[in-house]
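Inside the fold
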Amino acid sequence: MKTKELVYAALFSALIAVLGLIPPLPLGFIPVPITAQTLGVMLAGCFLGRRMGALSLVIFIILIAIGLPVLTGGRGGLAVLVGPSAGYIFSWPIAAGLIGWYSEKIWPKLQTWKLLAGNLIFGVMLVNLIGAPIMALITNTSVWAGLAGALAFLPGDIIKAVIAAVITMQLKAISPIEEKVQ
Ligand code: BTN
């Protein structure tokens with residue numbers, strides 16, 4: 001791994017932490033909030049590609065684990081990583097890696113709708129399909145109740161998927177994955 005790749009990954013971890021300054025939207029009926037940080041997860045995948053995208057989220061989880069307040073509401077620490085949000089948080093590097101893998105494949109003929117499709121499959125569906133059952137398990141509710149509750153995330157998640165695709169198209173010329181796929 002080159003130093004430059006590490007720097008890009010760290011920059012995106014920082015960006016996701018900055019998105020955490022946007023206050024969370026608690027839903028009341030499930031213990032996981034709506035957060036802008038998933039926008040950063042999708043951007044990391046789209047913009048950085050498979051390796052750096054996944055790495056940026058691994059770094060982000062390490063920052064949470066050592067107790068830095070990088071999640072919305074200034075949260076961090078090991079307790080969060082075994083709480084109701086745990087499945088969601090651990091799904092983030094997987095999602096960023098898969099979005100990045102797909103993004104590298106489509107990069108030579110990049111189009112907004114293609115990026116959006118990757119974001120919807122890996123950044124929205126996969127994240128919720130991993131996160132919701134684990135949330136249900138940790139809160140002692142049924143998997144179906146967890147999945148039904150997670151439907152409330154879909155409108156916001158879809159909007160973030162669109163924003164990430166549009167921003168990536170705008171930043172395409174300066175993307176670090178440009179040089180990898182040429
Ligand atoms: C946290 O504890 O700060 C929340 C982390 C997980 C939030 C999940 S990610 C997918 C879904 N979309 C959201 O806006 N929130 C949940």
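Before reading on, note that the structure itself is shown above.
A brief structural summary.

Cut-off values and rules
- Note on numbering: residues in each chain are counted from 1, in written sequence order.
- Restriction of local features to residues with pLDDT of at least 70 applies here, the model being predicted, together with a cutoff of 80 or more for giving and counting side-chain atom pairs; totals for whole chains, interfaces and linings are based on all residues.
- No hydrogens and no water enter the side-chain calculation; it runs on all heavy atoms of the structure.
- To qualify as a nonpolar core, a set must consist of buried Ala, Val, Leu, Ile, Met, Phe, Trp, Tyr and Cys residues joined through side-chain atoms within 4.5 Å.
- Classification of residues uses two cut-offs on accessible area relative to the type maximum, computed with a 1.4 Å probe and protein chains only: under 20% is buried, over 50% is exposed, and between them is partly exposed.
- Every helix listed is a DSSP run of H or I at least four residues long, and every strand listed is a run of E at least two residues long, numbered separately from the N terminus.
- Working rule for contacts: check all heavy atoms of both residues, and any pair within 4.5 Å makes them a contact.
- Residues qualify for a patch when their relative accessible area is over 30% and they have no salt bridge, like charges being joined within 9 Å and the nonpolar side chains of Val, Leu, Ile, Met, Phe, Trp and Tyr within 5 Å.
- A 1.4 Å probe and the Shrake-Rupley method give the accessible areas. Residues count as covered only by the protein chains that appear here.
- We count a salt bridge whenever a side-chain nitrogen from Lys or Arg sits within 4 Å of a carboxyl oxygen from Asp or Glu.
- Any residue with at least one heavy atom within 4 Å of a molecule or strand is counted as near it.
- Pairs of N or O atoms are called polar contacts if they sit within 3.5 Å, as long as, within protein, a hydrogen donor faces a hydrogen acceptor (for residues adjacent in sequence, only side-chain-to-side-chain pairs).
- We place a 1 Å grid over just the protein atoms. Points where a 1.4 Å probe fits but has no way out form a cavity, open points with protein on both sides within 12 Å along at least 5 of 7 lines form a pocket, and any residue with an atom within 4 Å of a point lines it.
- A cavity or pocket is said to hold a molecule if more than half of that molecule's atoms lie within 2 Å of its grid points.
- Gly falls in the polar group here, along with every residue not listed as nonpolar (Ala, Val, Leu, Ile, Met, Phe, Trp, Tyr, Cys, Pro) or charged (Asp, Glu, Lys, Arg).
- Each aromatic pair joins two rings of Phe, Tyr and Trp (for Trp, the six-membered one) with centres within 6.5 Å, and gets the label stacked for planes under 30 degrees apart, edge-to-face for over 60, and tilted for any other angle.

1. Points about the nonpolar core
Ranked by size, the top nonpolar core spans 45 residues in total, and within it L57, F60, I64, L71, Y88, I89 and W92 carry the most contacts. Elements that contribute at least two residues to this core include exactly helix 1 (3-19), helix 2 (37-48), helix 3 (50-65), helix 4 (86-106), helix 5 (112-138) and helix 7 (154-171). Residues in contact with Y88, not counting those within four places in the same chain, are V32, V127, N128, G131, A132, M135, A150 and F153.

2. Considering a nonpolar patch on the surface
On the surface, a nonpolar cluster with roughly 350 Å² of combined accessible area is contributed by V58, I62, I66 and L68. The topology assignment puts L68 in the loop between helix 3 and helix 4.

3. Examining the site of the ligand
Every one of the 16 residues lining the ligand counts as a neighbour, but P33, R75, S85, D157 and K160 are closest to it. Contact distances for the ligand include 2.8 Å between a nitrogen atom and a backbone N or O atom of P33. In this structure, D157 approaches the ligand through a side-chain N or O atom, which is 2.9 Å from a nitrogen atom. Starting from 410 Å² of accessible surface for the ligand in isolation, the protein chains cover 100%. The cavity that encloses the ligand is the largest cavity. Secondary-structure elements contributing two or more residues to the shell around the ligand are helix 4, helix 5 and helix 7. By residue class, the composition of the shell around the ligand is 8 nonpolar, 5 polar and 3 charged.

4. Considering the pattern of salt bridges
Pairing of side chains with opposite charge becomes possible as their charged atoms draw close. Under the defined criterion, the tally for this structure stands at 2 salt bridges. We note a salt bridge from E5 to R51, for which the minimum N-O separation is 3.0 Å. Here E5 is found in helix 1, whereas its partner R51 is found in helix 3, with 46 residues between them in sequence. Among the residues examined, E5 registers a relative accessible area of 9% and is labelled buried.

5. So, the packing of aromatic side chains
Within this structure, the stated rule accounts for 3 aromatic pairs. A centroid spacing of 5.7 Å and a plane angle of 80° characterise the contact between Y88 and F153, whose relative ring orientation is edge-to-face. One end of the pair, Y88, is in helix 4; the other, F153, is in the loop between helix 6 (143-150) and helix 7, with 65 residues separating them in the sequence. Both residues of the pair, Y88 and F153, belong to the buried class.

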